[in-house]
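Structural description and commentary
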Amino acid sequence: MKQDLWINGSFEPGNEYRELRSPYNQEKLADVAAAGSEEIEAAIASAEKASKLMAAMPAHKRAEILENAVQILKDEKEECARIISREAAKPIKAARTEVERTITTYAFAAQEARRLYGETIPMDAAPGGEGRLAYTVKEPLGVIGAITPFNFPMNLVAHKVGPAIAAGNTVVLKPASQTPLSAYKIADIFHRAGLPAGGLNVISGSGKTIGDSFLSDKRIKMITFTGSPEVGTYIRENAGLKKVTLELGSNSAVIVDKDTDLDKAVPRIVSGAYAFQGQVCISVQRIYVHEAIFEEFTERFVHEAGRLQAGDPLDETTDVSAMISLDDAERAESWVKTAVDGGAKLALGGSGEGSVFQPTVLLDVDKEQKISCEEAFAPVVHINRFSGIDEAIGYVNDSQYGLQAGIFTKDINAALKAARELEVGGVMINDFPTFRVDHMPYGGVKLSGTGREGIKYAVEEMTELKLVSIKYE
Ligand code: NAP
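Residues numbered from 1 in each chain as written. Predicted model: local features only at pLDDT ≥ 70, side-chain atom pairs only at ≥ 80, totals over all residues. Heavy atoms only, no water.

Quick word on the overall build of the protein chain
The criterion, for reference: By the criteria applied, helices consist of DSSP H or I runs no shorter than four residues and strands consist of E runs no shorter than two, each listed in order from the N terminus. Only the C-alpha atoms count toward the radius of gyration. The rule for a globule is 2.2 Å times the residue count to the power 0.38. Partly exposed describes any residue whose relative accessible area lies between the buried limit of under 20% and the exposed limit of over 50%, with all areas from a 1.4 Å probe on protein chains only and scaled to the type maximum.
For the protein chain, the count of helices and strands is 15 helices and 25 strands. Against the compact-globule benchmark of 23 Å for 473 residues, the protein chain has a radius of gyration of 23 Å, which places it among compact chains. Reported as C-alpha extents along the three principal axes, the dimensions of the protein chain are approximately 75 × 65 × 40 Å. Among the 473 residues that make up the protein chain, the fraction classed as buried is 55%.

Side note on the domain arrangement of the protein chain
By convention, interface size is frequently given as the accessible area that disappears when the constituent parts associate. We count it as follows: Where each domain starts and ends follows an automatic or database-derived domain assignment. We call two residues in contact when some of their heavy atoms are within 4.5 Å. Here the buried area means the combined drop in accessible surface, using a 1.4 Å probe, for two parts upon being joined, counting both sides. Whenever a carboxyl oxygen of Asp or Glu lies within 4 Å of a side-chain nitrogen of Lys or Arg, that contact is scored as a salt bridge. Polar contact criterion, stated in full: a pair of N or O atoms within 3.5 Å, where within protein one must be able to donate a hydrogen and the other to accept it, and residues adjacent in sequence count only if both atoms are side-chain atoms.
On domain assignment, one finds that the protein chain holds domain 1 (2-248 + 448-471) and domain 2 (253-429). Using C-alpha coordinates to define each centre, domain 1 is positioned 31 Å away from domain 2. If you look at the interface, domain 1 gives 20 residues, while domain 2 gives 27 residues. The junction of domain 1 with domain 2 conceals about 2,000 Å² of combined surface from both sides, 62% of it contributed by carbon and sulfur atoms. Summed over the shared surface of domain 1 and domain 2, the number is two salt bridges. With its nearest N and O atoms 3.0 Å apart, the salt bridge here joins Lys-93 to Asp-319. Linking domain 1 to domain 2 there are ten residue pairs in polar contact (both at pLDDT 80 or more). Elements with a contribution of two residues or more to the side of domain 1 that touches domain 2: α3 (77-88) and α4 (92-113). The greatest single-element share of the side of domain 1 that touches domain 2, amounting to four residues, is contributed by α3.

Some details on the environment of Gln-358
Positionally, Gln-358 belongs in the loop between β17 (356-357) and β18 (360-363). For Gln-358, the contacting residues outside a window of four places in its chain are Gly-349, Ser-351, Gly-352 and Pro-379.

Observations regarding the packing of aromatic side chains
Short version of the rule: What counts as a ring pair is set by centres within 6.5 Å for rings of Phe, Tyr and Trp (its six-membered ring), and what kind of pair is set by the plane angle: stacked under 30 degrees, edge-to-face over 60, tilted for all other angles. In this scheme, the term charge over a ring applies when either NZ of a lysine or CZ of an arginine sits within 6 Å of the ring centre and within 35 degrees of the ring normal.
Taken as a whole and judged by the stated rule, the model has eight aromatic pairs. Aromatic side chains Trp-6 and Phe-11 sit 4.7 Å apart centroid to centroid with 70 degrees between the ring planes, which places their arrangement in the edge-to-face category. When the ring of Tyr-106 is compared with that of Phe-190, the centres are 5.1 Å apart and the planes differ by 70 degrees; the resulting orientation is edge-to-face. Of this pair, Tyr-106 sits in helix α4 while Phe-190 is found in helix α6 (residues 180-193), placing the two residues 84 residues apart along the sequence. Phe-190 gets classed as buried once you look at its relative accessible area, which sits at 1%. An aromatic cluster of three or more residues is present, and its members are Trp-6, Phe-11 and Tyr-184. A cation sits over an aromatic face here: Lys-90 above Phe-276, 4.6 Å from the ring centre.

So, the site of the ligand
Under the convention used in this document: The criterion for a residue being near a molecule or strand is simple. One of its heavy atoms has to lie within 4 Å of it. The Shrake-Rupley method, run with a 1.4 Å probe, gives the accessible areas here. Residue values count only the displayed protein chains as cover. Throughout, the ten residues Ala, Val, Leu, Ile, Met, Phe, Trp, Tyr, Cys and Pro are labelled nonpolar, Asp, Glu, Lys and Arg are labelled charged, and all others, Gly among them, are labelled polar.
Residues in close proximity to the ligand total 28 residues, the closest being Thr-148, Ser-177, Ser-228, Leu-248 and Glu-375. Here Ala-176 contributes a backbone N or O atom positioned 3.5 Å from an oxygen atom of the ligand. Leu-248 places a main-chain nitrogen or oxygen 2.8 Å from a nitrogen atom of the ligand. Compared with its free state, where it exposes 900 Å², the ligand has 85% of that area covered by protein. Contributions of two or more residues to the shell around the ligand are made by α7 (207-216), β11 (220-226) and α8 (229-238). With three residues, the top contributor of residues to the shell around the ligand is α7. By residue class, the composition of the shell around the ligand is 14 nonpolar, ten polar and four charged. The residues that make up the shell around the ligand include at least three from each of domain 1 (2-248 + 448-471) and domain 2 (253-429).

Quick look at the environment of Ile-389
Mapped onto the elements of the fold, Ile-389 is located in helix α13 (residues 389-397). Relative accessible area serves as the criterion here: at 17%, Ile-389 is assigned to the buried category. For the pair Ile-389 and Phe-377, spaced twelve residues apart in sequence, the C-alpha to C-alpha distance is 27 Å. Those residues in contact with Ile-389 that sit more than four places away from it in its chain are Ile-255, Asp-257, Ile-407, Ala-414 and Lys-417.

Put into C-alpha cells, the structure is as follows:
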C-alpha cells in the first residue's frame with residue numbers, strides 16, 4: 001500500500017517514500033510519503049487559504065462537521081482500531097478504547113464549537129471607564145501547526161484537530177513517523193464529514209524538517225506539540241512570539257497509604273503501569289507504598305502483573321505487546337540492569353524477546369537511577385516504601401516532571417495535603433495518575449509542559465481574545 005500526503009483536500013505524492021513496518025513482527029504495512037519543502041509549503045499555503053473560510057463559517061456548521069466525523073468514526077470504529085493496533089502494536093482491546101475516546105473527544109469538540117463566546121466587561125469599574133459598553137470575542141488564530149506522538153495516534157490527534165476546528169482554525173498536522181496511517185484515516189473522515197479543502201492537511205515526514213518549517217513560517221500562528229520534553233523544549237526556544245502548547249513526558253507516581261483497599265487499588269495500578277506497554281505519558285512509573293503494607297502490596301502487585309498476557313497486538317487476549325522499537329526495549333532493559341547493579345531488587349520481568357519487553361517490577365530503587373528519575377516509557381515500575389505522608393509527597397515532588405499524580409488514602413487530611421502540595425497538573429485522589437477523561441483540563445508543570453488540553457481548555461489556547469469597547473455618544 002502506498003500512502004500519499006493529504007494536502008488541500010486530496011492525496012498528493014511525496015518527494016520520497018519510507019517503509020512503515022509493524023513494531024511487533026516487522027511486517028511491511030505501507031510505503032509512506034515524506035514531505036519535502038515543496039509539499040510543506042503547499043500544505044501551509046492551503047491551510048492559509050482555507051483559514052478565511054473557516055473563520056467565517058458559522059458555529060453550527062463547524063459543529064455539524066464535527067458531528068458528521070463522530071458518526072463516521074462510530075460506523076468505522078473497528079477499522080480504526082485495527083489501523084492503530086497494526087502501526088503502533090497497541091493491543092486491540094486498548095486500540096478499541098482509544099477509538100471510543102476519540103469519538104468522545106470529537107463529540108466534545110462539536111459542543112465547544114457552539115459555545116465560543118466572550119463576556120461583557122464592566123468598564124465603569126475603573127475611574128474614567130464610564131459611558132461604555134465593552135465585550136470580548138474569541139477569534140480563531142488562523143493556521144495551527146500540530147505535531148503528535150505515536151502512543152495515541154487517533155485520540156491525541158483529536159485533541160488538536162477537534163478544538164482547532166471548533167474554534168474556526170485550520171490545521172497542518174505532522175503525525176509521528178511510526179503512526180501516520182491513523183492520521184490519514186482521520187483526514188479522509190473529515191473530508192467526508194464536509195470539512196472544506198485545506199481545513200486539515202496531513203503531512204508525514206521528518207519531525208525536524210517539518211517542525212523547523214512550522215517554526216520559521218509566519219503563517220503558522222501556533223504550534224501545538226505532544227511528545228518528548230527534548231523536542232518540546234527545542235520548539236519553545238525557537239518559536240519566537242508564536243503561541244505554543246506543549247504536552248510532554250513524565251515519570252508519574254502514585255502514593256498508596258496504609259489504609260488502602262488493595263483489592264481495588266492493585267489491579268487499577270497494574271493497569272496504569274502496563275497499558276500499552278507503559279508507553280503512556282501518565283503511566284505509573286513510581287509507586288510509594290506505606291511500610292505497613294509494603295510486603296502485602298508488593299506480593300499482590302507482582303502476582304497481578306505476572307498474569308498479563310504478552311503477544312500479538314491483534315490477538316484478543318493480549319495485554320502487552322511490542323514496544324514501539326527494538327531500541328526502546330533495549331533501553332528499558334539496560335536501565336533495569338543498571339538499577340539492579342545499583343542495589344535494586346528485581347521482583348518480576350527484567351528482560352524481553354525482541355521488542356516485547358516483559359512487565360517488570362523493581363523494588364527499593366535509588367531515586368538517582370534513570371529508571372526512576374527519567375521517563376521510562378516502558379512496562380517497568382518500581383515500588384519503594386515510605387513511613388509518613390510528608391515523606392511520600394516529598395518523593396513524588398522530587399522529580400523534574402509534573403504531569404499527574406495519584407494517592408490512595410482514606411485519611412481526608414492526607415488527601416487534602418496531597419492535593420495542596422503535589423507539584424503536578426492533576427491530582428487523582430483514590431485513583432491512579434493515569435486517569436484521564438477527555439474534557440478535563442490536562443497538562444503539566446515543570447518539564448511536563450505548558451498549556452492545557454481538554455477541548456474547552458485547548459479552545460482557549462487556540463483563540464485570541466479581542467476586546468470591543470463602544471463609547472456612548
Ligand atoms: P517525540 O520523539 O518527541 O516525537 C513526537 C513528535 O515530534 C513526532 O511526530 C516526531 O516526529 C516529532 N519530532 C521529532 N523531532 C522533532 C523536531 N526536532 N521538531 C519538531 N517535531 C519533531 O515523542 P514520541 O516518542 O513520539 O512520544 C513519546 C513522548 O511523548 C513521551 O515523552 C510522552 O510522555 C510524550 N507524551 C505526552 C503526552 C501528554 O499529553 N503530556 C501524551 C502522549 C505522549 P517523528 O516521529 O518523525 O520523529
